[in-house]
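# What the coordinates show
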Amino acid sequence: MKKCYIILTSIISMYALTTNAQTPFSQCIRTDVDLGYTLAESGTEFANQVNAFGFGLGADYCIGGEQLKFVASPFIFLWQGNDLATMKPYYKSKGNTLTMYNGGTYYNSGVLFGLHYTFERAVPNKLPVFTTNLQYGFFAANLPEVLTAYNTADLQGVSQRFDAAKGFGAALKLGVGMDLVKANNTLYHIGVSYKREAADIPQTEFSNVALSQTEIFKWRTNTIMLNLGATFELN
């Protein structure tokens, strides 16, 4: 309920600001290609199993005044799971010898809501123009099936399978950008953004030496992204 209240308050505030603004009401679509580096919290499953580099796609629907707009942003972002060579030291630290590891692609998709602000131009009608945005929203995280085999000090040929799973979480994003070039009513921009995500995802583990059990995959990430894209005015 608190999260819904925050979003509703943002929408109402945006409506009030644009209604009283001196500048005309406008709409736009912004598209982005995102290249990111993720710092996951130490000790979490995400930090242990997933490559830090990832990429994604995003879009913003903006509506409001010339400077301040309400924005809704669907997105998708993907990371590749670690390979056998990368995971061997992690298993060795626990006293096990990893012999097989087959991961997959970790990804999430969701939508963020918030405000997008365009700063006044240093020179009227000239680029570049600087922007910033603050958003909060929700996402669905998807885990791949993961297969492992390893030897312990006492057992040989221990095999594990973690089923594919999905969970839901919340995200906060802060970004700054710069509109650089305009051509045929299209603005091309570059930016940097920070996104914090959190989710707890139940994932079932099967092993040949123990009964199946459900583990909690802790998705705790801080991602720095380079954003490249274009803005299309709708009116």
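See the structure above.
Residues numbered from 1 in each chain as written. Predicted model: local features only at pLDDT ≥ 70, side-chain atom pairs only at ≥ 80, totals over all residues. Heavy atoms only, no water.

Attention shifts here to the packing of aromatic side chains. Taken as a whole and judged by the stated rule, the model has twelve aromatic pairs. For the ring pair Tyr37 and Phe53, a centre distance of 4.9 Å and an interplane angle of 65° mean the geometry is edge-to-face. Of the two residues, Tyr37 sits in strand β1 (residues 26–40) while Phe53 sits in strand β2 (residues 50–64), which places them 16 residues apart along the sequence. Among the residues examined, Tyr37 registers a relative accessible area of 38% and is labelled partly exposed. With relative accessibility at 58%, the residue Phe53 sits in the exposed group. Relative to Trp79, the ring of Phe77 has its centre 4.8 Å away and its plane inclined at 55°; by these criteria the two rings are tilted. For Phe77, a relative accessible area of 2% translates into the label buried. Ring pairs connect the aromatic residues Phe46, Phe77, Trp79, Tyr106, Phe139, Phe217 and Trp219, which therefore count as one cluster. One Lys or Arg, Lys94, reaches over the ring of Tyr91 and ends 4.9 Å from the middle of that ring. Taking NZ or CZ as reference, Lys195 lies 3.7 Å from the ring centre of Phe75, over its face. (Phe/Tyr/Trp six-rings, centres within 6.5 Å; stacked < 30°, edge-to-face > 60°. Helix = DSSP H or I, 4+ residues; strand = E, 2+ residues; numbered from the N terminus. Buried < 20%, exposed > 50% of the residue type's maximum accessible area, 1.4 Å probe, protein only. Lys NZ or Arg CZ within 6 Å of the ring centre and 35° of its normal.)

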